[in-house]
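Spelled out, the chains give:
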Amino acid sequence: MALVPYDGNYLPVLSKLHNTSAEFRFADHNVRLTQDWNKLGVAAVVWDAAVVMCMYLELGQVELTGKVAIELGAGTGLVGIVAALLGAKKVTITDREPALGFLAANVKENIPPDQLGAVEVSELTWGQGLERYPKGGFDIVLGADIVYLEDTFPSLLQTMEHLSSESSVVLLACKIRYQRDTNFLSMLKQRFTVHQVHYDKERDIHIYKAVKLPARRDL
Ligand SMILES: C[S@@+](CC[C@H](N)C(=O)[O-])C[C@H]1O[C@@H](n2cnc3c(N)ncnc32)[C@H](O)[C@@H]1O
(Lines give C-alpha, C1' and ligand atoms only; values in the text may rest on other atoms or scores of the structure.)
Protein backbone atom coordinates (compact mmCIF):
# COMPACT_ATOMS: atom_id res chain seq x y z
CA MET A 1 0.00 0.00 0.00
CA ALA A 2 1.35 3.41 -0.95
CA LEU A 3 2.33 5.70 1.87
CA VAL A 4 1.48 8.73 -0.22
CA PRO A 5 -0.37 9.07 -3.52
CA TYR A 6 2.66 8.55 -5.69
CA ASP A 7 3.46 8.01 -9.31
CA GLY A 8 6.25 9.04 -11.63
CA ASN A 9 4.58 12.45 -12.14
CA TYR A 10 4.78 13.25 -8.47
CA LEU A 11 3.05 16.23 -6.95
CA PRO A 12 5.22 19.36 -6.51
CA VAL A 13 4.69 19.16 -2.74
CA LEU A 14 6.41 15.77 -2.76
CA SER A 15 9.31 16.84 -4.95
CA LYS A 16 11.57 17.39 -1.92
CA LEU A 17 11.47 13.63 -1.42
CA HIS A 18 13.32 13.26 -4.70
CA ASN A 19 16.20 15.51 -3.71
CA THR A 20 19.41 13.57 -3.17
CA SER A 21 19.95 15.27 0.16
CA ALA A 22 18.13 17.23 2.83
CA GLU A 23 19.76 19.79 5.12
CA PHE A 24 18.73 21.07 8.53
CA ARG A 25 20.09 23.02 11.44
CA PHE A 26 19.37 21.36 14.77
CA ALA A 27 21.16 21.39 18.12
CA ASP A 28 23.66 23.94 16.79
CA HIS A 29 24.77 21.49 14.11
CA ASN A 30 24.27 21.40 10.37
CA VAL A 31 22.69 18.04 9.65
CA ARG A 32 22.98 16.83 6.07
CA LEU A 33 21.20 13.63 5.13
CA THR A 34 21.53 11.65 1.95
CA GLN A 35 18.17 10.67 0.44
CA ASP A 36 17.49 7.95 -2.14
CA TRP A 37 13.81 7.52 -2.88
CA ASN A 38 14.43 5.47 -6.02
CA LYS A 39 16.51 2.83 -4.23
CA LEU A 40 14.94 2.55 -0.78
CA GLY A 41 11.63 4.42 -1.01
CA VAL A 42 10.01 5.58 2.23
CA ALA A 43 13.02 4.65 4.37
CA ALA A 44 15.39 6.91 2.46
CA VAL A 45 13.73 10.29 2.61
CA VAL A 46 13.13 12.69 5.48
CA TRP A 47 9.44 12.94 6.32
CA ASP A 48 7.88 16.05 7.83
CA ALA A 49 7.10 14.09 10.99
CA ALA A 50 10.84 13.68 11.64
CA VAL A 51 11.45 17.38 11.18
CA VAL A 52 8.61 18.31 13.55
CA MET A 53 9.85 15.76 16.09
CA CYS A 54 13.31 17.36 16.04
CA MET A 55 11.78 20.82 16.44
CA TYR A 56 9.84 19.48 19.42
CA LEU A 57 12.92 17.86 20.96
CA GLU A 58 14.78 21.14 20.61
CA LEU A 59 12.10 22.84 22.72
CA GLY A 60 13.50 20.84 25.62
CA GLN A 61 10.20 19.69 27.05
CA VAL A 62 11.47 16.13 27.14
CA GLU A 63 14.76 15.75 28.97
CA LEU A 64 17.31 13.97 26.78
CA THR A 65 20.52 14.69 28.62
CA GLY A 66 21.95 11.47 29.99
CA LYS A 67 19.01 9.39 28.75
CA VAL A 68 19.00 6.08 26.89
CA ALA A 69 16.90 6.41 23.74
CA ILE A 70 15.85 4.24 20.83
CA GLU A 71 14.37 5.30 17.51
CA LEU A 72 12.03 2.97 15.60
CA GLY A 73 11.64 3.08 11.82
CA ALA A 74 14.38 5.69 11.66
CA GLY A 75 14.70 5.95 7.86
CA THR A 76 17.45 8.50 7.31
CA GLY A 77 18.03 8.69 11.08
CA LEU A 78 17.32 12.40 11.54
CA VAL A 79 15.48 12.02 14.85
CA GLY A 80 18.04 9.70 16.44
CA ILE A 81 20.91 11.86 15.24
CA VAL A 82 19.32 14.99 16.73
CA ALA A 83 18.55 13.15 20.00
CA ALA A 84 22.25 12.31 20.27
CA LEU A 85 23.31 15.85 19.39
CA LEU A 86 20.94 17.14 22.09
CA GLY A 87 22.75 15.12 24.75
CA ALA A 88 21.23 11.64 25.00
CA LYS A 89 23.75 9.30 26.65
CA LYS A 90 23.06 6.42 24.27
CA VAL A 91 20.88 6.29 21.15
CA THR A 92 20.00 3.09 19.29
CA ILE A 93 18.76 3.98 15.81
CA THR A 94 16.79 1.17 14.20
CA ASP A 95 15.05 0.17 11.02
CA ARG A 96 14.62 -2.90 8.83
CA GLU A 97 17.73 -4.56 7.47
CA PRO A 98 17.66 -3.12 3.92
CA ALA A 99 17.76 0.43 5.28
CA LEU A 100 20.71 -0.05 7.63
CA GLY A 101 23.69 0.63 5.35
CA PHE A 102 22.18 3.88 4.22
CA LEU A 103 21.19 4.80 7.78
CA ALA A 104 24.64 4.04 9.15
CA ALA A 105 26.25 6.26 6.51
CA ASN A 106 24.00 9.17 7.50
CA VAL A 107 24.81 8.65 11.17
CA LYS A 108 28.55 8.57 10.50
CA GLU A 109 28.30 11.73 8.43
CA ASN A 110 26.46 13.71 11.09
CA ILE A 111 27.64 12.58 14.51
CA PRO A 112 30.97 14.08 15.65
CA PRO A 113 33.62 11.34 15.94
CA ASP A 114 33.90 11.72 19.72
CA GLN A 115 30.17 11.02 20.06
CA LEU A 116 29.93 8.11 17.63
CA GLY A 117 30.36 5.59 20.45
CA ALA A 118 27.07 6.78 21.92
CA VAL A 119 25.12 5.94 18.79
CA GLU A 120 24.34 2.46 17.53
CA VAL A 121 22.59 1.54 14.30
CA SER A 122 20.74 -1.72 14.67
CA GLU A 123 18.21 -3.91 12.88
CA LEU A 124 14.77 -3.92 14.42
CA THR A 125 11.79 -5.17 12.48
CA TRP A 126 8.84 -4.55 14.74
CA GLY A 127 7.81 -7.57 16.74
CA GLN A 128 10.82 -9.64 15.69
CA GLY A 129 13.87 -10.59 17.76
CA LEU A 130 12.83 -8.29 20.58
CA GLU A 131 14.85 -10.35 23.05
CA ARG A 132 17.94 -8.67 21.55
CA TYR A 133 16.78 -5.44 23.19
CA PRO A 134 16.53 -5.04 26.97
CA LYS A 135 12.96 -5.25 28.20
CA GLY A 136 11.95 -1.85 29.54
CA GLY A 137 15.52 -0.72 28.94
CA PHE A 138 14.95 2.64 27.28
CA ASP A 139 14.08 5.98 28.87
CA ILE A 140 12.82 7.36 25.59
CA VAL A 141 11.30 5.58 22.58
CA LEU A 142 11.05 7.76 19.48
CA GLY A 143 9.12 7.23 16.26
CA ALA A 144 8.42 9.61 13.38
CA ASP A 145 5.87 8.68 10.73
CA ILE A 146 5.86 5.03 11.67
CA VAL A 147 2.08 4.66 12.06
CA TYR A 148 0.92 3.97 8.53
CA LEU A 149 0.85 0.24 7.83
CA GLU A 150 -2.17 -1.33 9.48
CA ASP A 151 -0.67 -4.83 9.27
CA THR A 152 2.21 -3.69 11.47
CA PHE A 153 0.11 -2.08 14.21
CA PRO A 154 0.08 -5.12 16.57
CA SER A 155 3.83 -5.71 16.18
CA LEU A 156 4.63 -2.00 16.52
CA LEU A 157 2.63 -1.85 19.75
CA GLN A 158 4.29 -5.03 21.01
CA THR A 159 7.69 -3.45 20.29
CA MET A 160 6.87 -0.26 22.17
CA GLU A 161 5.61 -2.27 25.12
CA HIS A 162 8.76 -4.38 25.17
CA LEU A 163 11.17 -1.45 25.02
CA SER A 164 9.51 0.79 27.57
CA SER A 165 8.95 0.66 31.30
CA GLU A 166 6.37 2.59 33.29
CA SER A 167 8.85 5.46 33.60
CA SER A 168 9.75 5.59 29.90
CA VAL A 169 8.41 8.21 27.54
CA VAL A 170 7.28 7.17 24.06
CA LEU A 171 7.11 10.06 21.60
CA LEU A 172 5.37 9.56 18.28
CA ALA A 173 5.23 12.17 15.53
CA CYS A 174 2.31 11.26 13.31
CA LYS A 175 0.70 12.38 10.13
CA ILE A 176 -2.85 11.09 10.32
CA ARG A 177 -3.54 10.31 6.69
CA TYR A 178 -6.32 7.79 6.96
CA GLN A 179 -9.00 6.82 9.46
CA ARG A 180 -7.14 3.56 10.07
CA ASP A 181 -4.18 5.49 11.50
CA THR A 182 -6.38 6.49 14.44
CA ASN A 183 -6.97 2.78 15.09
CA PHE A 184 -3.38 2.56 16.21
CA LEU A 185 -3.93 5.37 18.70
CA SER A 186 -6.92 3.48 20.08
CA MET A 187 -4.78 0.35 20.44
CA LEU A 188 -2.02 2.38 22.09
CA LYS A 189 -4.46 3.85 24.63
CA GLN A 190 -5.27 0.36 25.88
CA ARG A 191 -1.68 -0.05 27.10
CA PHE A 192 -0.39 3.52 27.50
CA THR A 193 -1.61 6.87 28.77
CA VAL A 194 -1.55 8.99 25.63
CA HIS A 195 -1.59 12.79 25.29
CA GLN A 196 -1.08 15.02 22.30
CA VAL A 197 1.74 17.33 23.36
CA HIS A 198 2.29 19.27 20.14
CA TYR A 199 0.62 19.97 16.81
CA ASP A 200 2.35 21.54 13.82
CA LYS A 201 -0.42 23.14 11.83
CA GLU A 202 1.67 24.00 8.82
CA ARG A 203 2.80 20.40 8.30
CA ASP A 204 -0.23 18.78 9.93
CA ILE A 205 1.87 16.67 12.27
CA HIS A 206 0.74 15.56 15.72
CA ILE A 207 3.13 14.60 18.49
CA TYR A 208 1.83 12.15 21.05
CA LYS A 209 3.46 11.32 24.33
CA ALA A 210 2.67 7.88 25.70
CA VAL A 211 3.54 6.42 29.09
CA LYS A 212 2.99 2.76 29.83
CA LEU A 213 0.09 1.95 32.12
CA PRO A 214 0.95 -0.06 35.23
CA ALA A 215 0.74 -3.80 34.67
CA ARG A 216 -2.68 -5.15 35.65
CA ARG A 217 -2.63 -7.10 38.85
CA ASP A 218 -5.68 -9.32 39.08
CA LEU A 219 -6.56 -10.32 42.61
C1 LIG B 1 7.52 6.93 6.52
S2 LIG B 1 9.05 6.25 6.90
C3 LIG B 1 9.59 7.32 8.19
C4 LIG B 1 11.08 7.42 8.27
C5 LIG B 1 11.61 8.40 9.30
N6 LIG B 1 11.21 8.02 10.63
C7 LIG B 1 11.15 9.80 9.00
O8 LIG B 1 10.16 10.25 9.59
O9 LIG B 1 11.76 10.45 8.15
C10 LIG B 1 8.61 4.77 7.78
C11 LIG B 1 9.80 3.98 8.29
O12 LIG B 1 9.31 2.85 9.01
C13 LIG B 1 10.09 1.72 8.64
N14 LIG B 1 9.28 0.50 8.81
C15 LIG B 1 8.15 0.15 8.17
N16 LIG B 1 7.72 -1.04 8.57
C17 LIG B 1 8.59 -1.47 9.51
C18 LIG B 1 8.68 -2.64 10.31
N19 LIG B 1 7.78 -3.63 10.21
N20 LIG B 1 9.70 -2.75 11.18
C21 LIG B 1 10.62 -1.76 11.29
N22 LIG B 1 10.59 -0.61 10.55
C23 LIG B 1 9.59 -0.48 9.67
C24 LIG B 1 10.44 1.96 7.19
O25 LIG B 1 11.58 1.20 6.79
C26 LIG B 1 10.69 3.45 7.19
O27 LIG B 1 12.02 3.77 7.49
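Higher on the page you've got the structure.
A brief report on the enclosed structure follows. Bear in mind the structure is a predicted one, so any value in this text is a computation, not a measurement.

Residues in close proximity to the ligand total 21 residues, the closest being Trp 47, Gly 73, Asp 95, Arg 96 and Ala 144. Within the side chain of Asp 95, an N or O atom sits 2.5 Å from an oxygen atom of the ligand. Here a nitrogen atom of the ligand sits 2.8 Å away from a polar atom, N or O, in the main chain of Ala 144. A total of 590 Å² of accessible area belongs to the ligand in isolation, and the protein chains cover 97% of it. Partitioning the shell around the ligand into residue classes produces 13 nonpolar, four polar and four charged.

Attention shifts here to the sheet that holds strand S3 (residues 68–72). Pairing in this open sheet of seven strands is mixed, and the strands run S5-S4-S3-S6-S7-S9-S8 from one edge to the other. Looking at the sheet topology across the chains shown, the edges are occupied by strand S5 (119–123) and strand S8 (192–200). Averaged over all pairs of adjacent strands, the angle between their axes in this sheet comes to 20°, without regard to strand direction. Bridge count between strand S4 (residues 90–95) and S5: five bridges; the pairing is parallel. Within the sheet, the bridge partner assigned to Asp 95 lies in S5 and is Glu 123. Where helix H5 (residues 153–163) meets the sheet, it contacts S3, strand S6 (138–144), strand S7 (164–174), S8 and strand S9 (205–212), and its direction lies at approximately 140° from that of S7. Helix H6 (residues 179–191) contacts S7, S8 and S9 of the sheet and is inclined by roughly 135° relative to S8.

With that settled, the discussion passes to the pairing of S3. Burial within S3 is extensive, with five of its five residues counted as buried. Residues of S3 alternate between two faces, with Val 68, Ile 70 and Leu 72 on one and Ala 69 and Glu 71 on the opposite face, all of them buried. Examined bridge by bridge, S3 and S4 share four bridges and lie parallel to one another. Within S4, the position partnered with Glu 71 by the bridge is Ile 93. Once you follow S3 into helix H3 (residues 78–85) and on to S4, the crossover reads as right-handed. Here four bridges tie S3 to S6, and the two strands are oriented parallel to one another. Bridge assignment links Ala 69 to a residue of S6, and that residue is Ile 140.

Criteria and cut-off values
Residues numbered from 1 in each chain as written. Predicted model: local features only at pLDDT ≥ 70, side-chain atom pairs only at ≥ 80, totals over all residues. Heavy atoms only, no water. Near = heavy atom within 4 Å. Polar contact = N/O pair within 3.5 Å; in protein donor to acceptor, adjacent residues only side chain to side chain. Areas by Shrake-Rupley, 256 points an atom, 1.4 Å probe, with all protein chains shown as cover. Nonpolar A, V, L, I, M, F, W, Y, C, P; charged D, E, K, R; others polar. Pairing = 2+ DSSP bridges. Helix = DSSP H or I, 4+ residues; strand = E, 2+ residues; numbered from the N terminus. Axes fitted to C-alpha atoms, helices over the stretch in contact; angles between N-to-C directions. Contact = heavy atoms within 4.5 Å. Buried < 20%, exposed > 50% of the residue type's maximum accessible area, 1.4 Å probe, protein only. Right-handed = clockwise from strand over helix to strand, strands pointing away.

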